[in-house]
Amino acid sequence: MTSPRGASVRVRVPATSANLGPAFDCAGLALSVHDELAFSVTDGGLVVEMTGEGADTLPTDESHLVVRAFRAASAELGWTPAGLRIVTENGIPQGRGMGSSAAAVVAGVMGAWALCPDVAAVDLDAVLRLVTEIEGHPDNVAACLLGGATLSWMAASGARADRLAVSDEVLPVVLVPEATLSTHVARGLLPELVPHGDAAFNAGRSGLLVHALTARPALLLEATEDRLHQAQRGAAMPGSRDLLALLRAEGHAAVVSGAGPSLLVLTRWHPDDRPGQPAAAARVGEIRALVPDGWRVLPLEIDRRGASVLDEPQVSSR
Ligand SMILES: Nc1ncnc2c1ncn2[C@@H]1O[C@H](COP(=O)(O)OP(=O)(O)O)[C@@H](O)[C@H]1O
Ligand SMILES: N[C@@H](CCOP(=O)(O)O)C(=O)O
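From a predicted model like this one, the values you see are computed outputs, not experimental measurements. (Residues numbered from 1 in each chain as written. Chains lettered and ligands numbered in written order. Predicted model: local features only at pLDDT ≥ 70, side-chain atom pairs only at ≥ 80, totals over all residues. Heavy atoms only, no water.)

Visitor: Quick question: what am I supposed to make of the nonpolar core here?
Guide: Among the nonpolar cores identified, the biggest contains 72 residues, and Val-13, Phe-39 and Val-106 are the most heavily contacted of them. At twelve residues, helix α2 (residues 100-115) tops the list of elements feeding residues into this core. Split by domain, the residues of this core number at least three in each of domain 1 (7-164 + 304-313) and domain 2 (170-299). Counting 18 residues, the second-largest nonpolar core is a separate cluster that includes Ala-186, Val-256, Ile-287 and Trp-295. (Core = buried A, V, L, I, M, F, W, Y, C linked by side-chain atoms within 4.5 Å. Buried < 20%, exposed > 50% of the residue type's maximum accessible area, 1.4 Å probe, protein only. Helix = DSSP H or I, 4+ residues; strand = E, 2+ residues; numbered from the N terminus. Domains from an automatic or database assignment.)

Below, the structure is given as structure tokens:
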């Protein structure tokens, strides 16, 4: 294949919160915080320009995660661009459990698919399989790709996923500490084997979680109980562990967001809360009052669109 030099495309990818309590490595929720990236084919070489989160610390060479994902996808498509320029505006906090690495991987793969001259349309099934191979687990990448709340699972053919019809009552609030925790490190804290009783507990709560998210948000507090990963990782994020316990004791359906250390509160809009006042504002105020200094409180929306190519490849006249 030949490279369409000068062609460019913009890709927008949402942050995600994985696990949602009990549904470890299978549930994810896309959130209204985004990275936006412009990919251009050039005459040669690699240029990476960044603003926003990680701009001062991330590499700008072939080891950049977006570049690695782009290369993996273009290799799979049998296409080698002469040169590549990537300009990113990073809005997703990194190393916080908000799916920044999944977003970077999805962006790179989507960028390659959208720019590849012999591809008519992005094949979401194929993209999901590849991004899961790169990321190592399907939950964040599935939600990032498809938007909304997703369930994902590993089949013989690779990762598969589908969307849930989340109730409009469900409102996500993300609490972000200053501290970071690498997902790789957090996964290393989990035991190889779990007691059968804990596995059965989480299986039951995961089923309940789907019911609560889609039909009965009033059950979210019970539906977000977990025995498989949050306590096991608590020592690596003591501030998050303590705040999680406090929020839940006060009746908020709080969970560790992804591998942490951020927390996600699945709060609820309810017309009876306070007539004349937006209920969401009241709920967010209650949560804010419990959060220590130094944490960011982000009342967000569910991103129902997922990863999107903002414009078709254009060939510039330069
Ligand atoms: N926008 C990005 N561009 C390049 N690399 C990124 C980007 N976002 C995240 N990464 C990489 O992923 C790492 C964070 O991944 P991880 O530990 O899984 O945390 P998170 O919960 O944010 O996904 C960063 O240290 C960086 O190496
Ligand atoms: N299921 C994974 C989710 C990791 O999410 P991240 O946003 O922290 O990368 C896990 O719990 O390890």
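Visitor: Please clarify how the site of ligand 2 should be interpreted in this entry.
Guide: Surrounding ligand 2, one finds 15 residues, the nearest of these being Asn-19, Asp-25, Asp-139, Arg-187 and Arg-233. Separating an oxygen atom of ligand 2 from a backbone N or O atom of Gly-99 is a distance of 2.9 Å. Between ligand 2 and Asn-140, the relevant distance is 3.1 Å, taken from an oxygen atom to a side-chain nitrogen or oxygen of the residue. For ligand 2, whose accessible area on its own is 350 Å², the fraction buried by protein is 98%. One can see that ligand 2 is located within the largest pocket. Taken together, the residues of the shell around ligand 2 break down into four nonpolar, seven polar and four charged. Residue-level mapping places the shell around ligand 2 at the junction of two domains, with at least three residues from each of domain 1 (7-164 + 304-313) and domain 2 (170-299). (Near = heavy atom within 4 Å. Polar contact = N/O pair within 3.5 Å; in protein donor to acceptor, adjacent residues only side chain to side chain. Areas by Shrake-Rupley, 256 points an atom, 1.4 Å probe, with all protein chains shown as cover. 1 Å grid on protein atoms, 1.4 Å probe; cavity = no way out; pocket = protein on both sides within 12 Å on 5 of 7 lines; lining within 4 Å. Sits in = over half its atoms within 2 Å of the grid points. Nonpolar A, V, L, I, M, F, W, Y, C, P; charged D, E, K, R; others polar.)

Visitor: How do you make sense of the UniProt feature "domain: GHMP kinase N-terminal" (unreviewed entry) in the chain when you look at a structure like this?
Guide: The feature "domain: GHMP kinase N-terminal" (unreviewed entry), as given by UniProt, occupies residues 65-148 in the numbering adopted here. With 57% helix and 10% strand, residues 65-148 has its two end C-alpha atoms placed 24 Å apart. (UniProt positions renumbered as here; feature names shortened; annotations may be inferred.)

Visitor: What exactly am I supposed to notice about the sheet that holds strand β8 (residues 254-256) here?
Guide: By definition, the strands of a sheet pair up through backbone hydrogen bonds, in either a parallel or an antiparallel sense. Strand order across the open sheet formed by four strands is β8-β9-β7-β10, with antiparallel pairing between neighbours. The open sheet terminates on both sides in strands that have one partner only, identified here as β8 and β10 (296-299). In this sheet, adjacent strand axes meet at a mean angle of 25 degrees when their direction is disregarded. (Pairing = 2+ DSSP bridges. Axes fitted to C-alpha atoms, helices over the stretch in contact; angles between N-to-C directions.)

Visitor: What should I look at first to understand the side chain of His-34 in this one?
Guide: Among the secondary structure elements, His-34 is positioned in strand β2 (residues 27-42). Taking the relative accessible area as the measure of exposure, His-34 reaches 18% and is therefore buried. Looking at His-34, its side chain comes within polar contact range of the side chain of Arg-12, at 3.4 Å. If sequence neighbours within four positions are ignored, His-34 has contacts with Arg-12, Val-13, Pro-14, Glu-89, Asn-90, Gly-91, Ile-92 and Asp-303. (Contact = heavy atoms within 4.5 Å.)

Visitor: Explain helix α8 (residues 238-249) here, please?
Guide: The α-helix advances 3.6 residues per turn, and as a result positions three or four apart in sequence lie on the same side. Compared with the 16 Å implied by 1.5 Å per residue over twelve residues, the 17 Å span of α8 between its first and last C-alpha is a close match. Listing the buried residues of α8 in full gives Ser-240, Leu-243, Leu-244, Leu-247 and Arg-248. End-on view of α8: buried residues confined to an arc of 130 degrees, all on one side of the axis. (Expected span 1.5 Å × (residues − 1). Arc of directions from axis to C-beta.)

Visitor: Any chance you could explain the site of ligand 1 here in plain terms?
Guide: Every one of the 18 residues lining ligand 1 counts as a neighbour, but Gly-95, Gly-97, Ser-100, Ser-101 and Thr-183 are closest to it. In this structure, an oxygen atom belonging to ligand 1 sits 2.8 Å away from a main-chain N or O atom of Gly-95. Within the side chain of Ser-100, one N or O atom sits 2.6 Å away from an oxygen atom of ligand 1. The site holding ligand 1 turns out to be the largest pocket. Breaking the shell around ligand 1 down by element, the ones donating at least two residues are α1 (65-76) and α2. A total of three residues in the shell around ligand 1 trace back to one element, the largest contributor, which is α2. Considered class by class, the residues forming the shell around ligand 1 number six nonpolar, ten polar and two charged.

Visitor: I keep staring at the side chain of Glu-135 and nothing clicks. Help me out?
Guide: Here Glu-135 shows up in helix α3 (residues 124-135). No salt bridge is formed by the buried Glu-135; the nearest opposite charge belongs to Arg-187, separated by 7.8 Å. The contact partners of Glu-135, leaving out residues within four places of it in the chain, are Ser-101, Ala-102, Val-105, Asn-140 and Val-141. (Lys, Arg positive; Asp, Glu negative; His and termini not counted. Salt bridge = Lys/Arg side-chain N within 4 Å of Asp/Glu carboxyl O.)

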